[in-house]
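Chain and residue survey
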Amino acid sequence: MDKLIIQSVDKSFGRIRALRQASLEISTGIFGLLGENGAGKTTLMRIIATVLKPDAGEITLGDIKWSRDSHKVRQILGYLPQEFGAFKNVTAEECLKYIAQLKGIRGSEECLLQTERVLKEVNLLEAKDRKVGGFSGGMRRRLGIAQALLNDPELIIVDEPTAGLDPAERIRFRNLLRQLGKNRIVILSTHIVEDIEATCQSLAVIKNGTSVQFSSQQELSAIAEGKVWTWKLSNADYNSLGKDVHVVSSKIHKEYVEARIIAGVKPGPEAEETEPTIEEGYLVWNMEQE
Amino acid sequence: MEHGTRIKEGLVDIKGMGAFFYIPIGIMAVNAVYCYLTRGRYGVPIEIVRESYGIFPIICISFWISCLFEDLLNSEGREMLLSMPYKNLEYGLKRVIRYTLLYIIIFYIFFALAVLMIGRNVVMEAQDIYLPVLSIFFYSAFNFLIAVITRNSVTVMTAAGILSMFMYLTRGSASLCIYPLQWGNPNPFFTPYAVGIALFTATLALYAAAQMLFSNRDFLMR
Ligand SMILES: Nc1ncnc2c1ncn2[C@@H]1O[C@H](COP(=O)(O)OP(=O)(O)OP(=O)(O)O)[C@@H](O)[C@H]1O
Ligand SMILES: [Mg+2]
């Protein structure tokens, strides 16, 4: 399948430059977009989803050009926006059937078939006759995911899809994503590193509108190589660690605390160098940008 | 097949309107009762119908049109819908016109009911057909435009209310014959024909402006 190529995309809102020369090359599979709040993830997703036009730059997939063929893009697209809500007075099934029609699915039988399929996929089949207005936050999110899957899109864009899902649903969703990623492009934006760890083959990190692409998770974690240490300290020592020591995580045991620390040099005599995780790679990358 | 799909999509639109779908119908029903109660009144019988149907039942199309875009335009549902491959004209103007026509049909059903209830020999003129139709279309176009600009159904209905108040008080004398209440509250200086032409022109202009903005998804996203 063709690659989705994003070339030097710029977008400003007044004085705020939300995206600066963002360039990515995305092939079949799940692509993670990692970035802190306000980094520009949603802006980039919206541009890919054709609801915003970039100030400059181009996106292409095979011979589809975003600047020219927005209608074609929309026909192959499944998009779950960060904020999703719709049709409070109608049932989940009616809502999806309506969206199926907007997506151009012809024939009521086909609409019904697809609606049932996606409802099953997000585990909402039992709630199909309930009004969407009465759904919980997580259920609404799942309805949003279901909607994105209608018409079997070639390109799926999900913006922070796991926000608000309970642990079981989060795992279900990751599995679903993995399945979807087998034969299409799925772009997943998140600030939850675990989501990326669990699903993505390749990823990009975005900060202040600038994106950097990594071909694998290892490439990102490698950034922190030689800078991550585990240190077993007594409770008292742990509590007296200075503010300048960057503790990433800590495990409390009965007699001691095991802390993971990011530091350019060995932070203490008992500290041991250790294999960095993606989260640590991401944190170090973020610190280096500042 | 195509046709069946459209009707079902329509039913969801109507369900999506919730109670607002029934408010105009309720008001028309109340007016039919009013016509029945005042049927013996001195004067030309058609004027009873004009008076009671010429104001609120016409303005009330606002309830429908503002709801038609509620989900598309409110902030939560907007983004998803704007990424859909709908045809701008199909989902915008054509849908508005389809609902306006449905509204007009219902309007005339109640109109006929009122005439029956009055039970006297009601003599109708040409204006009793074209003025209500053009006035309803005028409100439909006005609401469509305000809905696209403000994206808030409460604002749309408020705007329709303010416009109607202004129209009622000035009797169209401040708006170049564009007077959608001429049928129910006539301005004696206007001929129905001139008002009809003015409404028709204004409606075309409003629809064109509204559809132009509606087709610009970047604008809708703002
Ligand atoms: N419609 C808008 N008008 C003005 N500024 C905007 C608009 N949309 C985004 N921005 C700004 O652009 C920048 C990037 O925002 P964006 O929503 O893309 O971030 P994000 O990475 O999705 O953040 P989050 O993790 O909080 O969702 C922010 O500084 C934001 O304030
Ligand atoms: Mg965001």
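A brief structural summary.

Conventions and cut-offs
- Residues numbered from 1 in each chain as written.
- Chains lettered and ligands numbered in written order.
- Predicted model: local features only at pLDDT ≥ 70, side-chain atom pairs only at ≥ 80, totals over all residues.
- Pairing = 2+ DSSP bridges.
- Helix = DSSP H or I, 4+ residues; strand = E, 2+ residues; numbered from the N terminus.
- Axes fitted to C-alpha atoms, helices over the stretch in contact; angles between N-to-C directions.
- Contact = placed C-beta atoms within 7 Å.
- Nonpolar A, V, L, I, M, F, W, Y, C, P; charged D, E, K, R; others polar.
- Near = placed C-beta within 6 Å.
- Parallel < 35°, antiparallel > 145°, perpendicular 65-115°, else oblique.
- Left-handed = near helix turned anticlockwise from the far one by under 90°.

What about the sheet that holds strand β6 (residues 77–80) of chain A?
All names here are of chain A. In space, the six strands of this open sheet follow the order β6-β7-β8-β3-β9-β10, with mixed pairing throughout. Here the strands that pair on one side only, and so sit at the sheet edges, are β6 and β10 (210–214). On average, adjacent strands in this sheet sit at an angle of 15° to one another, irrespective of strand direction. Pairing between strand β9 (residues 202–207) and β10: five bridges, direction antiparallel.

Focus on unusual backbone geometry
Despite not being glycine, Gln 21 of chain A shows a phi value in the positive range, around 50°. Position of Gln 21 of chain A relative to the elements: it lies in strand β2 (residues 16–26).

Section: the pairing of strand β11 (residues 228–234) of chain A
All names here are of chain A. Alignment of β11 against strand β13 (residues 256–262), held across seven bridges, turns out to be antiparallel. Residue Trp 229 lies in a different strand from β13, and its bridge partner there is Ile 261. Pairing between β11 and strand β14 (residues 272–273): two bridges, direction antiparallel. Residue Thr 230 lies in a different strand from β14, and its bridge partner there is Glu 272.

Some thoughts on the sheet that holds strand β12 (residues 246–252) of chain A
Residue and element names in this part refer to chain A. If you walk across this open sheet you meet the four strands as β12-β13-β11-β14, and the pairing is antiparallel. The sheet terminates laterally at β12 and β14, the two strands that pair on one side only. Across the sheet, helix α10 (residues 278–289) touches β11, β12 and β13, and the angle it forms with β13 is around 50°.

A look at the environment of Asn 216 of chain B
Take Asn 216 of chain B: it is sitting in the loop between α11 (192–215) and α12 (217–221). Spatially, the C-alpha atom of Asn 216 of chain B lies 47 Å from that of Leu 116 of chain B, the residues being 100 residues apart in sequence.

Topic: the interface of chain B and chain A
Opposite the 23 residues of chain B that make contact, chain A presents 27 residues. Ranked by the residues each element gives to the side of chain B that touches chain A, the list is headed by helix α1 (residues 2–17) of chain B, at seven residues. Here the residues of the side of chain B that touches chain A sort into eight nonpolar, seven polar and eight charged.

Concerning the site of ligand 1
Residues and elements named next belong to chain A. The local shell around ligand 1 holds 13 residues, among which Phe 13, Ala 18, Lys 41, Thr 42 and Thr 43 are the closest. When contributions to the shell around ligand 1 are tallied by element, the ones reaching two or more residues are β2 and α1 (41–48). The leading source of residues in the shell around ligand 1 is α1, at three residues. In the shell around ligand 1, the residues fall into four nonpolar, eight polar and one charged.

Some points on the packing of helix α3 (residues 45–53) of chain B against helix α8 (residues 88–118) of chain B
The relative placement of two packed helices comes down to the angle between their axes together with the axis-to-axis distance. Residues and elements named next belong to chain B. Running from N to C, α3 and α8 cross one another at 140°; their axes reach a closest spacing of 10 Å. With respect to each other, α3 and α8 are oriented oblique. Handedness of the crossing formed by α3 with α8: right-handed. Within the contact between the two elements, α3 uses Pro 45, Ile 48, Val 49 and Tyr 53 and α8 uses Phe 111, Ala 114, Val 115 and Ile 118. A breakdown of the residues in the contact of α3 with α8 according to their chemical character gives eight nonpolar, no polar and no charged.

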